[in-house]
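The lines below spell out each chain.
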Amino acid sequence: MKIYIVGCAKSGTWLLLWLFSAFENIHILDYDSERKINYVQDFKLNKGQIGVWKRTWNMAFSHHRDEIVSPPLEKQLEIFQENDISVVYIRRKKEDVLKSDGGWVSENRYDDCEKQAIEYSEYIKCFVDYDDLLKNPDKVQKIITKSLNLKIKNNWSDFPDFVPDEAFNVHKGANYSKRRLGEKY
């Protein structure tokens, strides 16, 4: 099985990717880079491994899709189904996303991500609320565990203790990602 983490930029996709390190038999396809669908589709896992990766800017549920760079949306959704890819969508309050990082995300981008999540919800295995994740990480972990049939080896409330240090290279100079869940970001 492969797990694809999606959601609008600044909604917690990196955090959720890192949290998946807390499950058994997980292989994070890349801790500090986003990957296109063809890379993930062709990636061979060892027997019993579960691959996890996060969306890129031009993939389904991520607002802008450039069909020169990535397959059309319908083809991407087909690839999810044909390759046993479970989609996990993380949702964060619009006002929090829009003010995060000084306006990195436009209102149009946020709305488009949400529209896709509603329109193609049958492709999404489970939804995660960012605020619930921060307030009740172990409860959210149990819901995901049940939904995706995973086994817990570390509690999410112990983040970041179980995440390899190299995972945080994507955010050089920003230590917010190493804070305990629920701490002020």
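A brief structural summary. (Residues numbered from 1 in each chain as written. Predicted model: local features only at pLDDT ≥ 70, side-chain atom pairs only at ≥ 80, totals over all residues. Heavy atoms only, no water.)

### Examining the sheet that holds strand 1 (residues 2-6)
Taken in spatial order, the five strands line up as 2-3-1-4-5 in an open sheet, and their pairing is parallel. Edge positions in the sheet fall to strand 2 (26-28) and strand 5 (124-129), since each has one partner strand and no second. In this sheet, neighbouring strand axes are inclined to one another by 25° on average, regardless of whether the strands run parallel or antiparallel. One ladder, built from five bridges, connects strand 1 with strand 4 (residues 85-91); its direction is parallel. Its bridge partner being in strand 4, Ile3 is matched across the sheet by Ser86. Set on the sheet, helix 5 (residues 107-119) makes contact with strand 4 and strand 5; between it and strand 4 the angle comes to about 135°. (Pairing = 2+ DSSP bridges. Helix = DSSP H or I, 4+ residues; strand = E, 2+ residues; numbered from the N terminus. Axes fitted to C-alpha atoms, helices over the stretch in contact; angles between N-to-C directions. Contact = heavy atoms within 4.5 Å.)

### Observations concerning the pattern of salt bridges
Side-chain pairing between opposite charges can occur once the charged atoms of the two side chains come close. Inspection of the entire model under this criterion finds seven salt bridges. The closest approach of N and O atoms between Lys93 and Asp131, which form a salt bridge, is 3.4 Å. In this pair, Lys93 sits in the loop between strand 4 and helix 4 (94-99) while Asp131 sits in helix 6 (residues 130-135), placing the two residues 38 residues apart along the sequence. Classification of Lys93 as partly exposed rests on a relative accessible area of 44%. Put simply, Lys94 and Glu107 hold a salt bridge, and the shortest N to O gap is 3.0 Å. Of this pair, Lys94 sits in helix 4 while Glu107 sits in helix 5, placing them 13 residues apart in sequence. Taking relative accessible area as the criterion, Lys94 reaches 25% and is therefore assigned partly exposed. Each member of the salt-bridge network shares a partner with another, and the members are Lys94, Glu107 and Asp111. (Salt bridge = Lys/Arg side-chain N within 4 Å of Asp/Glu carboxyl O. Buried < 20%, exposed > 50% of the residue type's maximum accessible area, 1.4 Å probe, protein only.)

### Thoughts on the packing of aromatic side chains
Each pair of aromatic rings is reported with the distance of its centres and the angle of its planes. Per the counting criterion, the structure on display carries ten aromatic pairs. Of the aromatic side chains, those joined through ring pairs into one cluster are Tyr4, Trp53 and Phe80. Sitting over the ring of Tyr130, Arg92 keeps its end group 4.4 Å from the ring centre. (Phe/Tyr/Trp six-rings, centres within 6.5 Å; stacked < 30°, edge-to-face > 60°. Lys NZ or Arg CZ within 6 Å of the ring centre and 35° of its normal.)

### Quick look at the nonpolar core
Buried together is how nonpolar side chains tend to be arranged in soluble globular proteins. Ranked by internal contacts, the top residues of the largest apolar core, which has 33 residues, are Leu16, Leu19, Phe20, Ile144, Trp156 and Phe159. Elements supplying a minimum of two residues to this core: strand 1, helix 1 (13-19), strand 2, strand 3 (50-54), strand 4, strand 5, helix 6 and helix 7 (137-148). Once residues within four sequence positions are removed from consideration, Leu19 is found in contact with Leu133, Trp156, Phe159, Phe162 and Leu181. Ranked by size, the runner-up nonpolar core spans 25 residues in total, among them Leu77, Val87, Tyr89 and Ile124. (Core = buried A, V, L, I, M, F, W, Y, C linked by side-chain atoms within 4.5 Å.)

### With respect to the state of the cysteines
Applying the stated criterion across every chain yields a total of zero disulfides. No disulfide involves Cys8; its sulfur sits 4.0 Å from the nearest other cysteine sulfur, which is in Cys113. (Disulfide = S-S within 2.5 Å.)

### Some details on the side chain of Ser86
Relative to the helices and strands, Ser86 resides in strand 4. Excluding its chain neighbours within four sequence positions, the residues that come into contact with Ser86 are Met1, Lys2, Ile3, Tyr4, Lys125 and Leu148.

### A word on the pairing of strand 4
Counting buried positions over the seven residues of strand 4 gives six, a clear majority of the element. In terms of strand pairing, strand 4 meets strand 5 through five bridges, oriented parallel. In the strand pairing of strand 5, Tyr89 is matched with Phe127.

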